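Take a look at the letters that make up each chain.
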Amino acid sequence: MYTTSPEIPHEPPPHTNPNPNPNPNLPRAHSGGMLHDEKAVLHEAGITAITEFLETQNNYSVLRYSGKVVVFDTRIPIQLAFYALVEHDMQAAPLWDNAKRQFVGLLTVTDFIDLLRSFYSSSGSSNHDGGEDVKDSLASLSIAAALNDARSSCMVKHHHRKFMSVDADATLYQSCALLHRHGLDFLPVVAMSDNDVRMLATVTYTNILEHLVTHFREQRRLFDDSIYELGIGTYSNIATVTLGTTLEECLSICQSRDLNALPVVDEQGRVINVYSRSDISFLHHATDANDAVRSLEKTVGEILQAASRTTSTMANVSTPDRLHTCSPTHTLQSIFEYFAQLKFNRLIVVDDEQRVIGVVSARDLVAYFVGKE
């Protein structure tokens, strides 16, 4: 990448729009003196340059030289698997069905939270006196039983009839296309042999984007258009929550709209924080599974406040995403540079008053180059 765009500050300065849009929160796409066809050619050249780079890199290039692989046998209790993910600082692990002698899906930290929500919903409240005891149920519930149960199987997002994976020798472009086409957050990387499949790791959009901004080099100025002009991100029907929103309501929005995080706004609609669906810090304070279910009635404000006190003592997997913002006029080049510095999962796009007008995720950035796949 060339290095000419200014670094994006954590709190972006007020920006002016040379061509006011009828919607005052978003800039109007403008040519800046360049013909539309010329800009289209540059956009296509930028996409081509990135895709050609991704096609020259295989999945080995994003794997750590030294790392660990965790695989869960579906016969073990799902609660034990969850705590193993936290202990090993991992977001997801493949599932192995010993009876079928094959991998059957992935288990993520968010799956366990959604499983708690299923118990919460079935009970009608967080009061389990005389009702279903979550602690005893989860202690004896195996992963296989959870996958076969109609109530809980729908909570495991990456449980597929056909296990989705990619060969380590496949290109990063192929991995991006699989992630994008199937709406995955994690993609297992395997090494294939005649009679064996070895699990090596799982890759994410963030892993691929980190490799891209570190190793890709381009002398031409192909990425000087704004993320809004390029259509990168979401700028309509943005879901937000307030500090008074309950955790259950927040997680329900995330699941129904397939979101991994939600901006937290104040009474004026200004962004003040972000809640990540993978934030499991509230479980750190729970005395048992029943108490964890009761935590779903806490507010987002209470959860974030508790998380800020425990972040330094917990594994990275449970650390909430920090709030990072940008304006819709920031260029794609500057967003790349910002990612290289902070390795964010998403940026909240704000206007001059810090009101939320969009969200740009690592998934959006990668999808821009493989969206035509």
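Residues numbered from 1 in each chain as written. Predicted model: local features only at pLDDT ≥ 70, side-chain atom pairs only at ≥ 80, totals over all residues. Heavy atoms only, no water.

Quick word on the side chain of T74
Turning to its location among the elements, T74 is positioned in the loop between strand 1 (72–73) and helix 2 (78–87). Residues in contact with T74, not counting those within four places in the same chain, are L95, W96, D97, V104, S142, I143 and A144. (Helix = DSSP H or I, 4+ residues; strand = E, 2+ residues; numbered from the N terminus. Contact = heavy atoms within 4.5 Å.)

Brief notes about the state of the cysteines
Evaluated as defined, the whole model comprises zero disulfides. Unpaired in this structure, C250 has its nearest cysteine sulfur neighbour in C254, at a distance of 4.8 Å. Judged by relative accessible area, which is 0%, C250 ranks as buried. (Disulfide = S-S within 2.5 Å. Buried < 20%, exposed > 50% of the residue type's maximum accessible area, 1.4 Å probe, protein only.)

Thoughts on the packing of helix 7 (residues 172–181) against helix 8 (residues 205–215)
The relative placement of two packed helices comes down to the angle between their axes together with the axis-to-axis distance. Between helix 7 and helix 8, whose axes approach to 11 Å, the crossing angle comes to 145 degrees. Helix 8 is crossed by helix 7, and the crossing has left-handed handedness. For the pair formed by helix 7 and helix 8, the contact residues are L172, S175, C176, L179 and H180 on the first element and Y205, I208 and H211 on the second. Broken down by class, the residue content of the contact of helix 7 with helix 8 amounts to five nonpolar, three polar and no charged. (Axes fitted to C-alpha atoms, helices over the stretch in contact; angles between N-to-C directions. Left-handed = near helix turned anticlockwise from the far one by under 90°. Nonpolar A, V, L, I, M, F, W, Y, C, P; charged D, E, K, R; others polar.)

Quick notes on the sheet that holds strand 9 (residues 271–276)
Ordered by their spatial adjacency, three strands build an open sheet running 7-8-9, and the pairing between neighbours is mixed. Where the open sheet ends on each side, the last strands, each with one partner, are strand 7 (241–242) and strand 9. The pairing of strand 7 with strand 8 (residues 261–265) spans two bridges and is classified as parallel. The residue bridging V241 from the neighbouring strand is V264, located in strand 8. (Pairing = 2+ DSSP bridges.)

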